[in-house]
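Examination of the molecular architecture
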Amino acid sequence: MPTRPNPDDLLDRVMRDEDRQARGRLKIFFGSSAGVGKTYAMLAAARSLQEQGEQVLAGIVETHGRADTEAMLDGIERLPLRSTQYRDRTLHEFDLDAALERKPTFILVDELAHSNVPGSRHAKRWQDIEELLHAGIHVYTTVNVQHIESLNDVVGQITGIRVHETIPDHVFDEADDVTLVDLPPDELLQRLKEGKVYLPQQAEKAGRNFFRKGNLLALREIALRRTADRVDADMREYRADRSIVQLWQTKERIVVAIGARADEDKLVRAAARLAAKLQADWLAVHVDAPSWPRVTLAGRERILKNLKLAQSLGAETASITGEDVAQALVQFARSRNAGKLVIGQSHGGGWKRWWRKNLAERIAANGQDIDVYTVARPEESVRDDSVRTPVEETRDDSGRLRRRRGYLWATVSCAVTTALASWLIAYLHPANVIMLYLVGVMIVAVRYGRSASALASIMSVLAFDFFFVAPRFSISVSDAQYLITLLVMLAVSLFISSLASRMRHQANVAMLREARAGNLYMLGKELAAVLTLEQILEIGRRHLGAVFGAKTAFCLPDSGENVRVAAPEEHDAHALQDVDLGVAQWVYDNDQAAGRGTATLPAAQALYLPLNATMRTRGVLAFVAEDPLQLALPENRQMLEIFCSQIAMAIERLHYAEVAQDALVTMESERLRNSLLSAISHDLRTPLTSLVGSAEALARQPSLGADEREMAVTISEQSQRMSGLVENLLDMARLQSGGITLNRQWNSIEEVVGTALRLLNKTLGERRVETHLPADLPLVRFDAVLIERVFANLIENAVKYAPAGEIIVVDARANAGMMEISVIDRGPGFPAGMEERAFEKFTRGDTESSTPGVGLGLAICRAIIDAHGGAIRALPGDAGRGARVCFTLPLDKPPALPEEE
């Protein structure tokens, strides 16, 4: 039943609603694996929006050649892709700037986990989507379960395949809507066999590896559970927004309350067994309340140990504060929609049960809708101080000294108040004297706590009775009314002492929280302004030393993923000198804490923590505190982990800033080089044309002798070769600058191959070229001039490297939506390891070869094929002899031919 909401919560809700109204909405189509129909479902939703009159733009949609998906895309306006040069290849990426300029109501951006080309504004596509959402654009996208960061390793263990493109969990959790696209494994395997998921050769390989039925069943369950967790989180947010305290038993959830007893691990294991039996989520929580007995440092260490145990058994852990343990536990359980609460309960209880209910009874009174499970435990195990360290003994000695000081000041306060009252009794009514004693009790309670103030209360009552109530200087009371006065005075004194003690506890908690928030603020503020890695590490060492009194060292990875200690500045008092690089390397590789205070390599002198950022682990922190038990406090350990996270995020931000700067420098260098090549080529083109014409005219003169005519022919041939190189340079510059617009028309492969062979008639000479072109080859939509250039370059390469008399073969065939074309020769083939590098600019297969050329032919071929949306690769020839260069062009549906009359 709804109750009156908290005003702060209402204000926070209003602010969140305002942010949501200004921000676009993100809808994720979520699936267990490729082929379940996420993109198809997204396009179906987009079509429904169009029918409702909404403006929908397809930013980037990966159809993977699936005909049914392509058909769904018809009628939806597509945003032109952005062409980007990367390693001499033209890649087509989502154009974020164009999308922001268009600013449609809805935009489709497929494959949320996609990694952008290096040099792009953002490293990941989900970051592009964040910018679209901030601009107020609604986004539809897709993602598979294996791409969620927290599930990546789980899926990798099941399938044996670890994907490297992931999204942070918060991106998925903060989406406005998640639609699960589900398909039974048998139906998905049938789609795979029918070629509706991958091409036939890819489908066969996928069926043997990833797409096994067991894998698909496990992935389906993980996707369903992750979606259910999100729905549960949405439900809890709905209940919190509307201040609904009544439990909605939509899912079993258990909360176990952990204290400082030595046998609390028994309680944790019992809760874990109960959660496993009920197949429920469970949470382990510790309540820090002034109503509980004082917890020693040994108890604090046990609390942290048991919270770690619960976390290792699958629980979510938390540490909360509250004035009353029972009320705090009930409020926490309701906030997490947990219907069962597990606590430990001692037998007996003695005289305390007569005036105070036990914890289970108080929980039952506060939360009648919560089931309470009690785990029996012996009374004598409340304390276990058999194993004590010197530090603990020193701390406890200090605590005993403080309590004794409090008792002394309680006695002094009572004596001073009595002396003052003796002087003022002639002028004051006895009731006002009581007020003086109450002031003294309050001062002692604020300064020294509950036990000292309780002593002051009792001593004040006795002193008032002894010195100021007739008969004086006697404990006896002659007037029965004074007996009531004394009892009321004692009750009020004890109440004031208890209230003042609670206020003192709350003030201490507030000061600690303020100190933590201030430390985090100062660290974040300084890290936001740094420009170098050395500054980040110096700030981290300084703040960790100031807050925790610790010596620290940062271990960062090199290019080989081996961690090395980052050298600190000279005379740095907070620098740790003795670092075990073996432990640090293990922490970096496994992304888990190790060293002192952990279950892994506990004999190490330091605590080693991974520096986890959004994308990856950025290094390791080695940490040695002056007080070994300082991290026994859960809040201190949590604060240390937040420090590590902020330092890691600063390192990652600096890394990506350097990557972006390097990419800009590379792009500018490439642009200048292309401009220079273009300018030089233009300047050489005119004199070369004149030289070729003059040499050919001179060779035709009848008056020349045989030697002079041969020299003129040589000049003409070499000039033509130089002219061809200049043309290659010009073409490369135009392709990389985007200065060439494709003139796509429906063409026949046979015609383009024939034209290329006629142009190469002089180059071929006596060489034979066989064409294996089936008569039923379909028409292909491409730029005939550019594809003719591709054939010319490939055949010319074959002529250069193949021995004289060997046949050159041109082969073409249609295969699964692509036209595959190969040029095969019987030459020496590509050197080992050069199959990919051969397509880089100014790269030749054999640098010591006397064959002329500058290494631009294959680079131009790749640029042209990439611009057409195809792919080109180098392969060994038949029977391992020679070379085969194969490229593909996408096959579209050709236009219908007019019927003959």
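Cut-offs used in this document
- Residues numbered from 1 in each chain as written.
- Predicted model: local features only at pLDDT ≥ 70, side-chain atom pairs only at ≥ 80, totals over all residues.
- Heavy atoms only, no water.
- Helix = DSSP H or I, 4+ residues; strand = E, 2+ residues; numbered from the N terminus.
- Buried < 20%, exposed > 50% of the residue type's maximum accessible area, 1.4 Å probe, protein only.
- Contact = heavy atoms within 4.5 Å.
- Areas by Shrake-Rupley, 256 points an atom, 1.4 Å probe, with all protein chains shown as cover.
- Axes fitted to C-alpha atoms, helices over the stretch in contact; angles between N-to-C directions.
- Parallel < 35°, antiparallel > 145°, perpendicular 65-115°, else oblique.
- Left-handed = near helix turned anticlockwise from the far one by under 90°.
- Nonpolar A, V, L, I, M, F, W, Y, C, P; charged D, E, K, R; others polar.
- Expected span 1.5 Å × (residues − 1).
- Pairing = 2+ DSSP bridges.
- Right-handed = clockwise from strand over helix to strand, strands pointing away.
- pLDDT = per-residue confidence, 0-100.
- Core = buried A, V, L, I, M, F, W, Y, C linked by side-chain atoms within 4.5 Å.
- Polar contact = N/O pair within 3.5 Å; in protein donor to acceptor, adjacent residues only side chain to side chain.

**Regarding the overall build of the protein**
Helices and strands together make up the secondary structure of the protein, namely 27 helices and 25 strands. Looking at the protein residue by residue over its 901 residues, the buried ones come to 42%. In the protein, the proportion of contacts linking residues at least 24 apart, taken out of those at least 6 apart, comes to 70%. For the protein, the exposed surface amounts to about 47,700 Å²; the carbon and sulfur share of it is 55%.

**Examining unusual backbone geometry**
In this model, K103 sits at a positive phi of 50 degrees, which is unusual for a non-glycine residue. By the element assignment, K103 lies in the loop between α4 (96–102) and β6 (106–109). Phi is positive for D591, which is not a glycine, with a value near 55 degrees. Among the secondary structure elements, D591 is positioned in the loop between α21 (581–590) and β16 (594–595). The partly exposed category is assigned to D591, whose relative accessible area is 38%.

**Focus: the packing of helix α26 (residues 784–801) against helix α27 (residues 857–867)**
Interaxial distance between α26 and α27 falls to 9 Å at its minimum, and their mutual angle equals 150 degrees. If you check the angle between α26 and α27, you find them roughly antiparallel. Between α26 and α27 lies a crossing of left-handed hand. Seen from α26, the contacting residues are L786, I787, R789, V790, N793, L794 and N797; seen from α27, they are G857, L858, I860, C861, I864 and I865. Counted by class, the contact of α26 with α27 contains nine nonpolar, three polar and one charged residues.

**So, helix α18 (residues 450–468)**
With 19 residues, α18 ought to run about 27 Å at 1.5 Å a step, and its terminal C-alpha atoms sit 26 Å apart, in line with that. Here α18 has its buried residues at A452, S453, A456, S457, S460, V461, A463, F464, D465 and F468.

**Quick notes on the pairing of strand β10 (residues 281–288)**
For β10, a buried count of seven out of eight residues is recorded, marking the element as mostly surrounded by other parts of the structure. By the bridge criterion, five bridges tie strand β9 (residues 253–257) to β10 in an arrangement that is parallel. Bridge pairing in β10 places V255 opposite L283. Note on the crossover from β9 through helix α11 (residues 264–278) to β10: the handedness is right-handed.

**Brief notes about the confidence of the model for the protein**
Within the protein, residue pLDDT values average 79, and 80% of them lie at 70 or more. When mean pLDDT is taken per element in the protein, β6 scores highest with 94 and helix α14 (residues 352–355) scores lowest with 52. With pLDDT under 50 throughout, residues 380–392 is counted as low confidence; its partners more than four residues away or in other chains account for 18 contacts.

**Considerations on the nonpolar core**
Within the largest apolar cluster, 38 residues are counted, with the highest numbers of intra-cluster contacts made by I749, F791 and F887. Going through the elements one at a time, α24 (749–759), β21 (780–782), α26, β22 (808–815), β23 (818–825), α27, β24 (871–876) and β25 (883–890) are the ones with two or more residues in this core. Look past the residues within four positions of F791 in its chain and what remains in contact with it is I749, V752, V753, A756, V810, I821 and F887. By size, the runner-up hydrophobic cluster in this structure holds 33 residues, among which are L26, A99, I148 and I222.

**Brief notes about α11**
Between the first and last C-alpha of α11 there are 21 Å, a value that for 15 residues agrees with the 21 Å anticipated at 1.5 Å per step. Those residues of α11 not exposed but buried are E264, L267, V268, A270, A271, A272, L274 and A275. Positioned one or two residues after α11, Q279 has a phi angle of 55 degrees, which is positive.

**As for the side chain of T166**
With respect to the helices, strands and loops of the structure, T166 is situated in the loop between α6 (149–159) and α7 (169–173). Residue classification places T166 among the buried residues on the basis of a relative accessible area of 9%. Within the structure, T166 has its side chain in polar contact with the side chain of E149 (distance 2.6 Å). When neighbours within four sequence positions are excluded, T166 is seen to be in contact with A113, K124, W126, H147, E149 and N152.

**Some details on the sheet that holds strand β2 (residues 56–60)**
Each strand in a sheet pairs with another by means of backbone hydrogen bonds, the pair being arranged parallel or else antiparallel. Taking strand neighbours across the sheet as the criterion, the six strands line up as β3-β2-β6-β7-β1-β8 in an open arrangement whose pairing is parallel. Each of the sheet's edge strands pairs with one partner strand only, and the pair in question is β3 (77–78) and β8 (177–181). Sheet analysis places β2 next to β3, joined by two bridges and oriented parallel. Its bridge partner being in β3, A58 is matched across the sheet by R78. In the packing of helix α2 (residues 38–51) onto the sheet, the strands contacted are β1 (26–31), β2, β6, β7 (138–144) and β8, and the crossing angle to β7 comes to about 165 degrees.

**Notes on the pairing of strand β12 (residues 340–346)**
By the criterion of burial, β12 is predominantly enclosed, with six of the seven residues buried. Judged from the three bridges that link them, β9 and β12 form a sheet pairing that is parallel. From the neighbouring strand, V255 faces β12, where its bridge partner is L341. As judged from the seven bridges shared by β12 and strand β13 (residues 371–377), these two strands associate in the parallel manner.

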